[in-house]
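# A look at the structure
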Amino acid sequence: MTESAHGFETLAIHAGQEPDPSTGAVVPPIYQVSTYKQDGVGGLRGGYEYSRSANPTRTALEECLAALEGGVRGLAFASGLAAEDTLLRTVCRPGSHIVIPDDAYGGTYRLFAKVLAGWGVDFTPAPLGDLDAVRAALRPETRVLWCETPTNPLLGIADIAGLAALAHENGALLAVDNTFASPYLQQPLALGADVVIHSTTKYVGGHSDVIGGALVARHSGLADELAFHQNAMGSVAGPFDSWLTLRGIRTLGIRMDRHSDNAERIVAALTSHPKVTEVLYPGLPEHPGHEIAAKQMRRFGGMVSFRVAGGEQAAVDVCNRAKLFILGESLGGVESLIEHPGRMTHASAAGSPLEVPADLVRLSVGIETADDLLADLLHALG
Ligand SMILES: *Cc1c(COP(=O)(O)O)cnc(C)c1O
């Protein structure tokens with residue numbers, strides 16, 4: 001298949017997923033196996049020798065991810081954080097420096113602050129929406145400029161092309177965590193990023209039934225180094241997890257459209273609601289990142305945050321009263337979730353520069369019937 005000639009949904013269903021050559025099975029089987037028979041010493045049949053190095057089900061997922069992000073190679077990991085760790089320990093050495101978003105995903109921040117810092121890698125948080133502030137944070141030893149857009153839970157937007165230019169002028173790599181947008185809504189490699197990271201646990205898998213991560217590189221040099229470290233460090237995705245993730249990917253396009261449709265309905269209702277003081281959604285024209293988001297994203301996705309009149313208790317009450325919106329952490333599944341970032345996902349940021357407003361509620365808008373979601377949310381608002 002000449003993949004570049006096909007549209008996104010076609011790639012999601014076919015890239016890396018040729019019918020199985022030995023049986024004709026239209027879906028890549030779960031190759032639940034650790035080792036492979038060799039035809040004579042060193043004579044590999046299908047290029048496989050040991051499943052940490054490569055496994056056919058994982059290969060199917062990796063080829064599909066590479067096609068969807070427009071990169072030369074995809075690599076699948078046991079979790080999003082395993083993918084991040086492998087990337088950072090591939091490109092950083094003791095003495096390296098990283099610029100990170102000042103509202104980075106909490107687990108990513110913890111990896112920088114508690115793991116890599118102890119390994120001699122320094123980092124500077126910067127507001128990525130402000131290119132001058134990012135320029136000021138870069139140093140000669142900066143190896144990576146780390147970007148998330150949209151951010152969690154404040155839905156901030158960063159200019160990927162602008163950040164790529166800044167990173168490259170400085171001899172650094174631009175790494176974009178594309179978890180919130182998914183490759184259907186945003187393709188950072190085409191905007192100049194060097195590598196994309198995913199927690200495939202979220203929209204890519206999409207069904208809240210598997211933990212996984214991915215890296216997709218734009219150039220073969222970095223891709224080869226990452227692949228070497230994936231095998232050398234060993235935090236690979238297992239065959240069943242790879243299969244579940246690939247099963248989710250086949251519907252990524254239609255899911256993201258429906259997530260976006262439902263989020264738009266909900267944003268419209270929240271914007272005019274007397275108990276809501278502010279709605280954070282990059283699709284709103286008054287959002288400070290709206291213009292850039294409209295340029296670099298196909299649509300604005302399923303994550304919506306809003307602030308509730310009456311402060312922390314009022315926000316907590318809304319979360320507790322919702323029924324169809326399940327009270328829970330994580331995001332990106334078909335089912336709608338609601339949470340209070342200040343006391344849940346971002347509780348560990350209390351007192352730090354990453355602290356979030358106490359009256360904030362975050363929604364991961366699912367793909368249920370929009371009228372049902374609206375009714376539940378209006379009831380929860382009281
Ligand atoms: C969840 C998440 C991660 C971490 O991924 P895991 O699969 O939980 O390890 C990284 N970045 C973002 C933006 C996330 O939402």
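About the criteria used
Residues numbered from 1 in each chain as written. Predicted model: local features only at pLDDT ≥ 70, side-chain atom pairs only at ≥ 80, totals over all residues. Heavy atoms only, no water. Salt bridge = Lys/Arg side-chain N within 4 Å of Asp/Glu carboxyl O. Buried < 20%, exposed > 50% of the residue type's maximum accessible area, 1.4 Å probe, protein only. Helix = DSSP H or I, 4+ residues; strand = E, 2+ residues; numbered from the N terminus. Core = buried A, V, L, I, M, F, W, Y, C linked by side-chain atoms within 4.5 Å. Domains from an automatic or database assignment. Pairing = 2+ DSSP bridges. Contact = heavy atoms within 4.5 Å. Axes fitted to C-alpha atoms, helices over the stretch in contact; angles between N-to-C directions. Buried area = accessible area lost by both parts, 1.4 Å probe. Polar contact = N/O pair within 3.5 Å; in protein donor to acceptor, adjacent residues only side chain to side chain. Near = heavy atom within 4 Å. Areas by Shrake-Rupley, 256 points an atom, 1.4 Å probe, with all protein chains shown as cover. Nonpolar A, V, L, I, M, F, W, Y, C, P; charged D, E, K, R; others polar.

## Description of the pattern of salt bridges
Under the criterion given, the structure shown has 14 salt bridges. Two residues, Asp39 and Lys37, come together in a salt bridge whose shortest N-O distance is 3.7 Å. The class for Asp39 is partly exposed, based on a relative accessible area of 43%. The exposure class assigned to Lys37 is exposed, which follows from its relative accessible area of 59%. For Arg89, the salt bridge is made with Asp85, and the minimal N-O distance between the two is 2.9 Å. Pair noted here: Arg89 and Asp85 are both in helix α3 (residues 80–91), with a separation of four residues, about one helical turn. Residue classification places Arg89 among the partly exposed residues on the basis of a relative accessible area of 31%. Salt bridges sharing partners connect three or more residues here, namely Asp257, Asp261, Glu264 and Arg299.

## Let's talk about the nonpolar core
Counting 77 residues, the largest nonpolar core has Leu174, Leu270, Phe306 and Leu363 as the members making the most contacts within it. Counting contributing residues per domain, this core is built from domain 1 (3–249) and domain 2 (254–380), each supplying no fewer than three.

## Focus on the sheet that holds strand β9 (residues 303–308)
What the five strands build is an open sheet, ordered β8-β9-β12-β11-β10; its pairing is mixed. Looking at the sheet topology across the chains shown, the edges are occupied by β8 (276–280) and β10 (326–327). Here five bridges tie β9 to strand β12 (residues 360–364), and the two strands are oriented antiparallel to one another. Pairing of Val304 across the sheet is with Leu363, part of β12. Contacts from helix α12 (residues 311–321) reach β9, β10, β11 (337–339) and β12, with the element oriented near 135° to β9.

## Some remarks on the domain arrangement of the chain
Parsing the chain into structural domains produces domain 1 (3–249) and domain 2 (254–380). Measuring from the centre of the C-alpha atoms in domain 1 to the corresponding centre in domain 2 gives 26 Å. Taken together, the contact between domain 1 and domain 2 spans 32 residues of the former and 36 residues of the latter. Overall, the association of domain 1 and domain 2 removes approximately 2,800 Å² of surface from exposure, summing both partners, and the carbon and sulfur fraction of that is 62%. Broken down residue by residue, the surface that domain 1 buries against domain 2 is led by Tyr184, Leu185 and Tyr203, which jointly contribute 27%. Taken together, the links from domain 1 to domain 2 amount to 14 residue pairs in polar contact (both at pLDDT 80 or more).

## Things to note about the sheet that holds strand β4 (residues 142–148)
Within a sheet, neighbouring strands are paired by backbone hydrogen bonds and run either parallel or antiparallel to one another. Pairing in this open sheet of seven strands is mixed, and the strands run β1-β7-β6-β5-β4-β2-β3 from one edge to the other. The open sheet has two free edges, formed respectively by β1 (73–77) and β3 (122–126), since each of these has just one partner strand. Neighbouring strand axes in the sheet, compared pairwise and without regard to direction, differ in orientation by 20° on average. Against the sheet, helix α8 (residues 220–233) engages β1, β5 (173–177), β6 (195–199) and β7 (213–217), with an angle of about 25° to β1.

## Thoughts on the site of the ligand
Near the ligand, the surroundings consist of Ser79, Gly80, Leu81, Glu84, Tyr105, Asp177, Thr179, Ser199, Thr201, Lys202 and Gly212. Separating an oxygen atom of the ligand from a side-chain N or O atom of Ser199 is a distance of 2.8 Å. In isolation the ligand exposes 380 Å². Once the protein is present, 92% of that is buried. The greatest single-element share of the shell around the ligand, amounting to three residues, is contributed by α3. Partitioned by chemical class, the residues of the shell around the ligand number two nonpolar, six polar and three charged.

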